[in-house]
Amino acid sequence: MATPSIDTLLAHGAIGHDAASGAVAPAIHPATTFARDEAYRLPSARMYGRDDNATGEPAEALLAALEGGAGAMLFASGMAAAAAVFQTLAPGDHVVAPRIMYWALRGWLVDFCARWGLGLDLVDSHDTDALRAAVRPGATRLVWVETPANPTWDVTDLAAAAAIAHAAGARLAVDSTAATPVLSRPLALGADLVMHSATKYLNGHSDVIAGALVTAALDEPWQRLRAHRRTTGAILGPFEAWLVHRGMRTLAVRVRRQCETALGIAAALDGHPALVAVLYPGLPSFAHHAVAARQMHGGFGAMLSLRVAGGAPAALAVAGRLHLFARATSLGGVESLVEHRASVEPPDSPVPKDLLRISIGLEDADELLADLRAAL
Ligand SMILES: *Cc1c(COP(=O)(O)O)cnc(C)c1O
C-alpha cells in the first residue's frame, strides 16, 4: 500500500486496536516497573518507567510517520527536547543557531555553551550567505534553525541550510514547532533532526507541556539522545503522553483552518494605517515569502506578528483593547492569543518593542478580524 496521507495517518493514530478488548483508543500505563518471569525474562523490552513507557509509543510512532522519520521521542517539554540535542554534544564542538529564535532556548543556549565549552555563533539563518559564513568545516557539529522563527516568522531555506551544514560535516536540526508536520517536512529537505514543542500545535489544547524529537536515521547521535533521555529522566509522564496523542488526532484540520484564518487576517490588516508592518510568511510582500511558498505546503502557519505604529505603549494599548484574544504567552491552541513580546523578553532582546505576536485559534475568522480592527 502507498504511504498514507497525513490525514489518514492522524485519523488512525498509529494504533492497532487493542487485541484483548477491541478498544480503539490507546490505554494509559502508569506502571513504573515491569515484572520478570520465573526464568528472569522480561515480557518485552521494557524494564523501568524512566527508560520506556508504552503510553508514549503511539504518539512517537505517529509523529515519526508524519515527519517521514525513522524514530521519534517524546520529552518532558520542548525545552527538554532541544536541550538534549545540545547536551549530547562534546565540549569544544561548535554550533550555529539563529539570532532570533524561541527566546528561552536562545537564552539558555548562550549560557550553556559558555559553561559547557561549546563554540556558539548566532546568525540570521534565513540569510543563506550569513549561514555559510558562520559554519566552520570540521568544527561545526550542529546547525540549529527555527522556521518560521518566533516571533518575526523569518523563513529559513531548509534545503540550502542542510547543504551548508552537511558540506561542513555538521548536522541540521530544525525547530519546526510553528510549521507543524502538516505544513513542512524538514527531513525530506535534508534535515537530520526535527524538534517540536508538542505543547503547541501537536497537542493543540493548551493543557500539556511536552516536547519531541524526530530523527531521519537511527544513527549514533540518536542512540546518544535515547540514552540521554533515559538517564537524565527528561521523559513525558504517561497521562501527558496520552493527551498529546489524543490532541494530535485533529492536528491537520486544526492547522489548516487556523492557517486559512491567519492568512485572511494578515491580508486584511496589511497596510493598515495603525501598523508599521504585518509579519506573516503568507503575504507576498513578506521578505521570505518565496522560500515559504516553496517549502511549506497547504498554508503558511497560524502565527503572525503586528508591529504597531507608536511603539511599545501603542502595542500594549492595542492588546488591552482586544476581547477575543487572551493576553497570554504560548501558541498553537484552539483559542487565539496575543502577546507583547518586549514585555516578556529581556531588554537586550533583538525583537522589536512594538511587536504583538498573535496565535490564531479556531474562533470565527470574521469575528477575530473585527476584534483586531476595533482594537487598532
Ligand atoms: C514553546 C516553544 C519552545 C519551547 O517548548 P516548551 O514546550 O514550552 O518547553 C521551543 N520552540 C518554539 C518555537 C516554541 O514555540
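Residues numbered from 1 in each chain as written. Predicted model: local features only at pLDDT ≥ 70, side-chain atom pairs only at ≥ 80, totals over all residues. Heavy atoms only, no water.

Student: I would appreciate a short explanation of the layout of surface pockets in the present structure.
Tutor: Unfilled space is identified by rolling a water-sized probe across the atoms. Roughly 400 Å³ of volume is contained in the largest pocket. As for the largest pocket, its lining consists of 26 residues, of which Tyr-102, Asn-150, Ser-197, Lys-200 and Leu-331 are closest to the centre. For the lining of the largest pocket, the per-class residue count stands at twelve nonpolar, eight polar and six charged. Structurally, the lining of the largest pocket is a two-domain feature, drawing no fewer than three residues from each of domain 1 (6–248) and domain 2 (251–375). The volume enclosed by the second largest pocket comes to roughly 260 Å³. Along the walls of the second largest pocket sit 13 residues, with Gly-16, Asp-18, Pro-26, Ala-27 and His-29 positioned nearest its centre. (1 Å grid on protein atoms, 1.4 Å probe; cavity = no way out; pocket = protein on both sides within 12 Å on 5 of 7 lines; lining within 4 Å. Points joined across faces, edges and corners; volume = space filled by probe spheres on them. Nonpolar A, V, L, I, M, F, W, Y, C, P; charged D, E, K, R; others polar. Domains from an automatic or database assignment.)

Student: It is not clear to me how the site of the ligand should be interpreted in this structure. Could you clarify?
Tutor: Close to the ligand lie 13 residues; Met-79, Asp-175, Ser-197, Thr-199 and Lys-200 are nearest. Taking Met-79, its main chain carries an N or O atom lying 2.8 Å from an oxygen atom of the ligand. Side-chain polar atom of Thr-199 to an oxygen atom of the ligand: 2.6 Å apart, as the coordinates give it. Considering the ligand on its own, with 370 Å² of exposed area, one finds that the protein chains cover 93% of that surface. (Near = heavy atom within 4 Å. Polar contact = N/O pair within 3.5 Å; in protein donor to acceptor, adjacent residues only side chain to side chain. Areas by Shrake-Rupley, 256 points an atom, 1.4 Å probe, with all protein chains shown as cover.)

Student: Just checking my understanding: could you explain the pattern of salt bridges for this structure?
Tutor: Two side chains bearing opposite charge may form a pair once their charged atoms approach each other closely. Enumeration according to the criterion identifies 16 salt bridges in this entry. Salt-bridge contacts for Arg-229 lead to Glu-60; the nearest nitrogen and oxygen are separated by 3.0 Å. Of this pair, Arg-229 sits in helix H8 (residues 220–232) while Glu-60 sits in helix H2 (residues 57–67); the two residues are 169 residues apart in sequence, bridging distant segments of the chain. Judged by its relative accessible area of 7%, Arg-229 falls in the buried class. Judged by its relative accessible area of 13%, Glu-60 falls in the buried class. Note that Arg-341 and Glu-339 form a salt bridge whose closest N and O atoms lie 2.5 Å from each other. Each member of the pair, Arg-341 as well as Glu-339, carries the same accessibility label: buried. Because the salt bridges share partners, they merge into one network encompassing Glu-339, Arg-341, Glu-345 and Arg-357. (Salt bridge = Lys/Arg side-chain N within 4 Å of Asp/Glu carboxyl O. Helix = DSSP H or I, 4+ residues; strand = E, 2+ residues; numbered from the N terminus. Buried < 20%, exposed > 50% of the residue type's maximum accessible area, 1.4 Å probe, protein only.)

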